[in-house]
Amino acid sequence: MTKISDRMSAITIDRTFSQLPATVFAAFAKKEQKAQWFAGPTDGSEVERVLDCRTGGREVLEVRWPSDTVTRFEAKYHHVEAESRLVYSYDLYIDGALYSVSLADIVFEGRDGGTAMRFAETTSYFSDQDLGEVTASRLHGTGAQMDMLAMHLSGETVTRTIDDCH
């Protein structure tokens, strides 16, 4: 975790997958695949999902959680380089209020017959929550999503494990 300001922080997650970059990239770029691992809790309900993974495209995921909280992820893809890189910004809303704005940069590199992936994200927050706590929560939640991605790629049934998000 890197503290940039009192309301801004950055995280980086490095993962290695045994699948080739084309397969890992497709898990991010194809709606039916991404829906298998990038989702809310099992007992939550998906309100809206859109994925147009191309430069200038957009992505939306809105979920109603069991607590009745609604989160909305709205992204714009700024750079899509097939099988190599995704750069997008996204707004995260909680119950209709802007919670954060992020810039994500994901690089996929072929390595030893698999893929080395680096996920880097810088986020500005619009709440008065403790920056260390929200950044730790973001790191935990994103790490859990990467765990679900790994399960999806290995053919395992994905068990949604994001338990502290609302």
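That block above? That's the structure.
Since we're looking at a predicted model, the values are computed, not measured. (Residues numbered from 1 in each chain as written. Predicted model: local features only at pLDDT ≥ 70, side-chain atom pairs only at ≥ 80, totals over all residues. Heavy atoms only, no water.)

**Observations regarding the overall build of the protein**
Rules: Only runs of H or I of at least four residues qualify as helices and only runs of E of at least two qualify as strands under DSSP, and these elements are numbered from the N terminus. As a reference, a globule follows 2.2 Å times the number of residues to the power 0.38, and the radius of gyration itself is taken over C-alpha atoms. In this scheme, a residue with accessible area under 20% of its type's maximum is buried, one over 50% is exposed, and one in between is partly exposed, where area comes from a 1.4 Å probe on protein chains only. A contact between two residues is defined here by any heavy atoms of the two lying within 4.5 Å. Reported accessibility uses the Shrake-Rupley method at a 1.4 Å probe radius. Residues are deemed covered only where the shown protein chains occlude them. For the charge count, each Lys or Arg is scored as positive and each Asp or Glu as negative, with His and the chain ends excluded. Charge coordinates come from a single atom per side chain, which is NZ of Lys, CZ of Arg, CG of Asp or CD of Glu.
The number of helices and strands found in the protein is three helices and eight strands. Helices and strands in the protein line up, N terminus first, as β-β-α-α-β-β-β-β-β-β-α. For 166 residues, the compact-globule estimate of 2.2 N^0.38 gives 15 Å, and the protein sits close to it at 15 Å. Seen through its C-alpha atoms, the protein measures out along the principal axes to roughly 45 × 35 × 30 Å. Counting the 166 residues in the protein, one finds 46% classified as buried. Sequence-distant contacts in the protein: of pairs separated by 6 or more residues, those separated by 24 or more amount to 47%. For the protein, the exposed surface amounts to about 8,400 Å²; the carbon and sulfur share of it is 48%. Of the charged side chains in the protein, 17 are positive and 26 negative; the average position of the first set lies 5 Å away from that of the second.

**Some words on helix H1 (residues 21-29)**
Burial runs high along H1: seven of the nine residues are buried. Residues of H1 that are buried include every one of Pro21, Val24, Phe25, Ala26, Ala27, Phe28 and Ala29, and no others.

**What to know about helix H3 (residues 131-154)**
Applied cut-off: Expected helix span is computed as 1.5 Å times (number of residues minus one). In protein, a polar contact means a hydrogen-donor-capable atom and an acceptor-capable atom, both N or O and within 3.5 Å, with residues adjacent in sequence counting only if both atoms are side-chain atoms; elsewhere, any N or O pair within 3.5 Å suffices.
In this model, H3 (24 residues) spans 34 Å end to end at C-alpha, consistent with the 34 Å of a helix rising 1.5 Å per residue. Of the residues that open H3, the one with a side-chain oxygen 3.0 Å from the backbone nitrogen of Gly132 is Asp130.

**Looking at the pattern of salt bridges**
To be explicit about the condition: A pairing counts as a salt bridge when a side-chain nitrogen of Lys or Arg comes within 4 Å of a carboxyl oxygen of Asp or Glu.
Per the counting criterion, the structure on display carries twelve salt bridges. Of the charged contacts, one joins Arg118 and Asp14 as a salt bridge, the two residues approaching to 2.6 Å between their closest N and O atoms. Placement of Arg118 in strand E8 (residues 114-125) and of Asp14 in strand E2 (residues 8-17) is noted, with a sequence separation of 104 residues between them. Classification of Arg118 as partly exposed rests on a relative accessible area of 45%. Accessibility expressed as a relative area gives 44% for Asp14, which makes it partly exposed. A salt bridge links Glu74 to Arg72; its shortest N-O distance comes to 2.5 Å. Given a relative accessible area of 28%, Glu74 falls into the partly exposed group. Arg72 gets classed as buried once you look at its relative accessible area, which sits at 17%.

**Looking at the pairing of strand E5 (residues 70-81)**
To be explicit about the condition: Two strands pair if DSSP finds at least two bridges between them.
With seven bridges connecting them, strand E4 (residues 58-64) and E5 associate as antiparallel partners. Bridge pairing links Leu61 to Phe73 in E5. Hairpin connection, E4 to E5: the antiparallel pair is bridged by five residues, and Asp68 has positive phi, about 80 degrees. For E5 and strand E6 (residues 85-94), the ladder comprises ten bridges, and the chain directions are antiparallel. Within the sheet, the bridge partner assigned to Phe73 lies in E6 and is Leu92. Joining the antiparallel neighbours E5 and E6 is a turn of three residues, in which Glu83 adopts a positive phi near 70 degrees.

**Quick notes on the side chain of Glu59**
With respect to the helices and strands, the residue Glu59 is situated in strand E4. The class for Glu59 is buried, based on a relative accessible area of 2%. Within the structure, Glu59 has its side chain in polar contact with the side chain of Tyr77 (distance 2.5 Å). In contact with Glu59, other than residues within four places in its own chain, are Lys34, Phe38, Val50, Leu51, Phe73, Glu74, Ala75 and Tyr77.

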